[in-house]
Amino acid sequence: MSPPLLEVRELGFAYGARIVLDAVGFGMDEGELVGLVGPNAAGKSTLLELVAGLRKPCRGSVRVQGARTTDLGRRELARRVAFVPQSTPIDFELTGRDLVALGRLPWLGRFARPGPADERAIDEALEELDASALAERRVTELSGGERQRLVVARALAQGGALLVLDEPTAGLDPAHAHALLDAVERRVRRGGAAALVSLHDLALAAQRCDRILVLHRGRLLSDASPIQSLSRERLRDVFGLDAELVELRDGLALLVRRAVGGPTRPRLPDPDAVR
Amino acid sequence: MRRGLVTLLLLAIALLALSVLSLAVGSVWIAPKRLLEVLWAAPSSGAAIPWERVVLVELRLPRALLAMLAGGGLGIAGAVMQGLFRNPMAEPGVLGVSAGSALGAVLTLYALPSMLSAYLVPAGAFVGAIGCTALVWLVGARAGRATTTSLLLAGLAVAACASAATSFVLSVALAEWEVGRQMLDWLMGGLEGRGWGSVAMATPMVLGGAVALVAHARTLDALLVGETTAMAVGIDVVRARRELVGFGALVTAASVASAGVIGFVGLIVPHVLRLLVGPRHRVLLPASLLGGAAFVLAADLACRIAPGDLRLGVLSGMLGGPFFVALLIRERRRQEATR
């Protein structure tokens, strides 16, 4: 039997004395689209960076296809895991195609030029995100949504079995957000791949993900179906929302009534303190 | 891609034409046709060596080669620094290389007797340049993982200290008129009186360093979209940055040590070429090498033709400044037009 695609065990991480993640454990198999949710500063980005091998765990381990990320070289890791960071600064006038082509880097020798297989992967990824028309445009001239499609296309072109996306839909309007997740889902359903996606939009996460991980103050509170993970109590205690997931005939909807004074409710500035 | 290759070809042709011109022009004109005859003819025993050959081999050829090496080195190092720091305003001196070499040269001239120091100035400049970059690296890297920002700030600080120290040595040395004059002479940049020794020193460092930098072309491409993405596509960013800084400093130090501080080459040449061939470093780096070589060769040629005693560094700055301003204005117009 082949090892699971992703296996996270007893994962701990701290910046100095500040503990960010504490004993986080979960697994993923091929074909899964898993959502990661949690309030701000829950440790989502750190967890994703650890899974992608961009940081070294302080405790515990991350295994991708059976191998510890700390044992794999950067290139080998990049062939297995394609990571999209929360923001991608682009100040130089690369074309859309140049940007997507970066995904082929882990597969190229130092002086080798991209071969037909690489070009095919780039074309495919552009098509999957409906971004073929952006290939020859300058990235600096594109809108945020168009740019984000190219950034995700880069990850698809990379061809790793595990896609790790940090807030890929941040700043996108609903149609673009869904279209982006459609592309990720198609890749996952095709087989041989899985995706771990952090989302701040709980409704979107509930509607699109097979499973939802709830991270709160560095601890994994839940790893279950959307209905189980986003229960009324958890929405109140973790997210400070008086809300519930409602099962409709063809999907889930999130009904939010109001914000409640939960433990994570953002502290509003005291009007008296403002001069 | 095709546009890139065409640009490279045109640059190579321009460089060739300029080098022929550079050999032909001087206090005595040697016709291009005569150049080949003179250089080709092996000095057969007994036959008198034509006087042109002496002029060419001893004076003009090493000078032209050195101009190309220094310019090419500054061009490619500038392109690398702009890519590494993701800032089109970066130039080869950001890591304190230029300031360090000036300090090294001035100290050498001050400390050693004039007969000796004349030969050792390039070596002193080189040591100063590498020393300053090493210091920048140590200071910048202490704050954790040597992020590009901390390197940039450390570069500014170290360069400021080195410049102040250079001014100090200069002010002390001005009491001895001749030493002070030599220092100012070197600081203004130029290729007067350089011979085959300088060429022999600069060639392996500039060309070897350039090859190492071109090998990192894709790394630089990936760094353009941020260090996190670069890591995500399999690049060991810490190591890559160390190598890019190291080889970039080596090439810059060799260039500055052989021709003095020539401003603006490392800033303008890569900037202009990026507009022509795009930001991808596979083409941009070789293009900057050729472009920088052509620029300094042309500037040196202009210095030799121009009446009076025009210095290379002076001319480069005087041409470069206005040109750069014009470029910025044009860029802004273009951006406003597309908006």
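In case you missed it, the structure is sitting above this.
What you are looking at is a predicted structure, and each value in this text was computed from that prediction instead of being measured. (Residues numbered from 1 in each chain as written. Chains lettered and ligands numbered in written order. Predicted model: local features only at pLDDT ≥ 70, side-chain atom pairs only at ≥ 80, totals over all residues.)

Student: Just to check I follow, could you spell out helix 1 (residues 44-51) of chain A for this structure?
Tutor: Helical periodicity: at 3.6 residues per turn, an α-helix aligns residues three or four positions apart in one direction. Residues and elements named next belong to chain A. The buried count for helix 1 comes to seven of eight residues, which makes it a mostly enclosed element. All buried positions along helix 1 are accounted for by K44, T46, L47, L48, E49, L50 and V51. Positive backbone phi, at 80 degrees, marks G53, one or two positions downstream of helix 1. (Buried ≥ 20, exposed ≤ 12 C-beta atoms within 10 Å, placed from the backbone. Helix = DSSP H or I, 4+ residues; strand = E, 2+ residues; numbered from the N terminus.)

Student: Just to check I follow, could you spell out unusual backbone geometry for this structure?
Tutor: What is expected of a backbone is that most residues other than glycine have negative phi and most peptide bonds are trans. Despite not being glycine, E10(A) has its phi angle at roughly 50 degrees, a positive value. Counting through the fold element by element, E10(A) comes out in strand 1 (residues 6-15). In this model, F264(B) sits at a positive phi of 75 degrees, which is unusual for a non-glycine residue. Along the chain, F264(B) turns up in the loop between helix 11 (237-259) and helix 12 (265-277). Classification of F264(B) as buried rests on a count of 22 C-beta atoms within 10 Å.

Student: For this particular structure, what's the right way to read the sheet that holds strand 8 (residues 194-198) of chain A?
Tutor: Residue and element names in this part refer to chain A. One open sheet accounts for six strands, arranged 6-7-8-3-9-10; its pairing is mixed. Only two strands of the sheet have a single partner each, and these edge strands are strand 6 (81-84) and strand 10 (219-224). Direction aside, neighbouring strands of the sheet carry axes that sit 15 degrees apart on average. Where strand 6 and strand 7 (residues 162-166) come together, four bridges link them in parallel fashion. Bridge pairing in strand 7 links V81 to L162. Its contacts with the sheet place helix 6 (residues 174-189) against strand 3 (33-37), strand 7 and strand 8, and it is angled at close to 150 degrees to strand 8. (Pairing = 2+ DSSP bridges. Axes fitted to C-alpha atoms, helices over the stretch in contact; angles between N-to-C directions. Contact = placed C-beta atoms within 7 Å.)

Student: Mind showing me how you'd approach the packing of helix 1 (residues 2-24) of chain B against helix 13 (residues 281-305) of chain B here?
Tutor: Residue and element names in this part refer to chain B. Between helix 1 and helix 13, whose axes approach to 9 Å, the crossing angle comes to 25 degrees. In this view, helix 1 runs roughly parallel relative to helix 13, as classed from their interaxial angle. The two elements helix 1 and helix 13 cross, and the hand of that crossing is left-handed. Counting all contacts with helix 1, which are made through G4, T7, L8, L11, A12, A14, L15, L18, S19, L21 and S22, the residues of helix 13 involved are V283, P286, A287, L290, G291, A293, A294, L297, A298 and L301. Partitioned by chemical class, the residues of the contact of helix 1 with helix 13 number 16 nonpolar, five polar and no charged. (Parallel < 35°, antiparallel > 145°, perpendicular 65-115°, else oblique. Left-handed = near helix turned anticlockwise from the far one by under 90°. Nonpolar A, V, L, I, M, F, W, Y, C, P; charged D, E, K, R; others polar.)

Student: Which parts of the structure should I look at to understand the sheet that holds strand 1 of chain A?
Tutor: Sheet strands pair by backbone hydrogen bonding; their relative direction is either parallel or antiparallel. Residues and elements named next belong to chain A. Taken in spatial order, the four strands of this open sheet run 2-1-4-5, and their pairing is antiparallel. Since the sheet does not close on itself, it has two edges, and those belong to strand 2 (18-28) and strand 5 (67-68), each with one partner. In the sheet, strand 4 (residues 59-64) pairs with strand 5 via two bridges, with the strands oriented antiparallel. Bridged to V64 within strand 5 is A67. Sheet strands touched by helix 1: strand 1, strand 2 and strand 4. Its angle to strand 1, the strand with the most contacts, is close to 125 degrees.

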